[in-house]
Amino acid sequence: MTTLPVPVSPTVSPLEPHLGFIRSQFPALDSPWAFFDNAGGSQVLRGVAERVSEYLTGTSVQLGASYAVSQEASARVAAGVQAAAHFVNAADPREVVLGGSSTQLVANLASSMGEFLKAGDEIIITDTDHEANVGAWTRLESRGIKTKIWKIDTQTLQLDLNTLGTLMTDRTRLVCFTHVSNVLGTINPVPEITRFVHQRGAKVFVDGVAYAPHRMVDVQAWDVDYYLFSWYKVYGPHISLLFGKLENLLELPSINHFFVSPDAAAYRLQPGNLNYELTYGLTGVTDYMSALQSRLGVDSLSGVFDAFAAHEAVLAGRLLEYLATKPNVRVIGHPLADPSARVDTISFVVDGVASSELPKFLDGQHIAVRYGHFYAYRLIQSLGLDQEEGVVRVSMAHYNTLAEVDRLIAGLEAFGL
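Residues numbered from 1 in each chain as written. Predicted model: local features only at pLDDT ≥ 70, side-chain atom pairs only at ≥ 80, totals over all residues. Heavy atoms only, no water.

Named according to an unreviewed UniProt entry, the protein chain is Cysteine desulfurase-like protein originating from Deinococcus psychrotolerans.

Right, dumping it as structure tokens:
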């Protein structure tokens, strides 16, 4: 049985002196609503929206022409791709594939791999993932590719490497798993799992959608083969990112036009054009991170995310401590606000109460939470929860405040929790 980390519950937030500035960068926060559905989609930075508008009103032309406006447009899109590469610490901007959604990017990669893999090859998936990182791979079974399920330990609510070891064979080509469960909030040890898989001759595909808003992504340090997340959950526009090691992308069959250069690594998995304006908008995210780096007096992006983690642990601690006093509430996930073990995506069920009832009650108090299976349908099923009602999920971000958490707690009390 896996030993849970020693709980650490920060009580002081390094972001507290900077919350005025932080919240001023998100126009939607100037409203009556307290947003606790951030795992479904974060609020958007002012700088992102401004850049999208700048592109559309000043450089809405096709790229690659000789005239000046096209050259400026090309430079703006290139800056967006470079910003994305910097954010994940990619070695080369050609390793960044951008697309409309994470689900689409996984489907694109699986479509390409389906031509590359052979009948009898194996892909391992988990029962903890968002369906985007499951269904695309199971559909390859029609081509003779076998999928195996790495199941969660229902006692520890963790993925166990010993279990993975029993599933892997010399035909295992890819292990697909989530960095953070969008229901449990649990942080899986990506470097450890990646080493384990690589030692056995396979590659990894990591869904980082629920991780990237809360912790720094470092694809080089982790040595991952593929990594995925959605920018609209990381304070940006509705566009998603797939990282792939350059050598991996170059060996895959292209799903783009037949005449696209074989050296155009990312473009091989990007049928058609990028969304130019949203790509340029990504520079607004990295500029914001740079501004925070300066304000916090830290020397790297990692320092900014460390501050996020500490602040969010304070928020999560307040809510988890409250929920722990309620005998009719069951937290589905790590019960403590340990930033090494979980992010502040907190799910729970209430005995005798349909999960849909609580969010609807809170709507009237301008408190936005959500219920359901959150496309982690197989996890909800594995845990024996109601597949349609699922869980109540409260998901916070670094711009949320303790005052907002207290509003939420007061709303839960008014509901009769």
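(A) Structural context of the domain arrangement of the protein chain. Taken domain by domain, the protein chain comprises domain 1 (16–46 + 299–415) and domain 2 (49–285). The distance between the C-alpha centroids of domain 1 and domain 2 comes to 26 Å. Taken together, the contact between domain 1 and domain 2 spans 41 residues of the former and 33 residues of the latter. Across the contact surface, domain 1 and domain 2 share 2 salt bridges. In this structure, the salt-bridge partner of Glu131 is Arg378, at a minimum N-O distance of 2.9 Å. Inspection of the region where domain 1 meets domain 2 yields 21 residue pairs in polar contact (both at pLDDT 80 or more). (Domains from an automatic or database assignment. Contact = heavy atoms within 4.5 Å. Salt bridge = Lys/Arg side-chain N within 4 Å of Asp/Glu carboxyl O. Polar contact = N/O pair within 3.5 Å; in protein donor to acceptor, adjacent residues only side chain to side chain.)

(B) How the structure looks around the sheet that holds strand E13 (residues 391–395). The sheet built from 4 strands is open, its strands ordered E9-E10-E13-E12 with antiparallel pairing. The two strands at the open ends of the sheet, each matched to only one other strand, are strand E9 (329–331) and strand E12 (370–372). Averaged over all adjacent pairs, the angle separating strand axes in this sheet is 35°, with direction ignored. The pairing of strand E10 (residues 345–350) with E13 spans 4 bridges and is antiparallel. If you follow Phe348 over to E13, its bridge partner there is Val392. Here helix H11 (residues 301–323) sits on the sheet and contacts E9, E10 and E13; the angle it forms with E10, its principal contact strand, is near 15°. (Pairing = 2+ DSSP bridges. Helix = DSSP H or I, 4+ residues; strand = E, 2+ residues; numbered from the N terminus. Axes fitted to C-alpha atoms, helices over the stretch in contact; angles between N-to-C directions.)

(C) Inspection of the environment of Glu247 at higher detail. Within the fold, Glu247 resides in helix H9 (residues 246–251). On the basis of relative accessible area, Glu247 is assigned to the exposed category, the value being 51%. When the C-alpha positions of Glu247 and Ala265 are compared, they lie 8.7 Å apart, and in sequence the two are 18 residues distant. (Buried < 20%, exposed > 50% of the residue type's maximum accessible area, 1.4 Å probe, protein only.)

(D) Region of the structure containing the sheet that holds strand E5 (residues 172–178). Strand order in the open sheet formed by 7 strands is E2-E8-E7-E6-E5-E3-E4, with mixed pairing between adjacent strands. Of all the strands in the sheet, the pair left with one neighbour each is strand E2 (96–99) and strand E4 (146–150). Each strand axis lies, on average, 20° off the axis of its neighbour in the sheet, ignoring direction. Across 5 bridges, strand E3 (residues 122–126) lies against E4 in parallel orientation.

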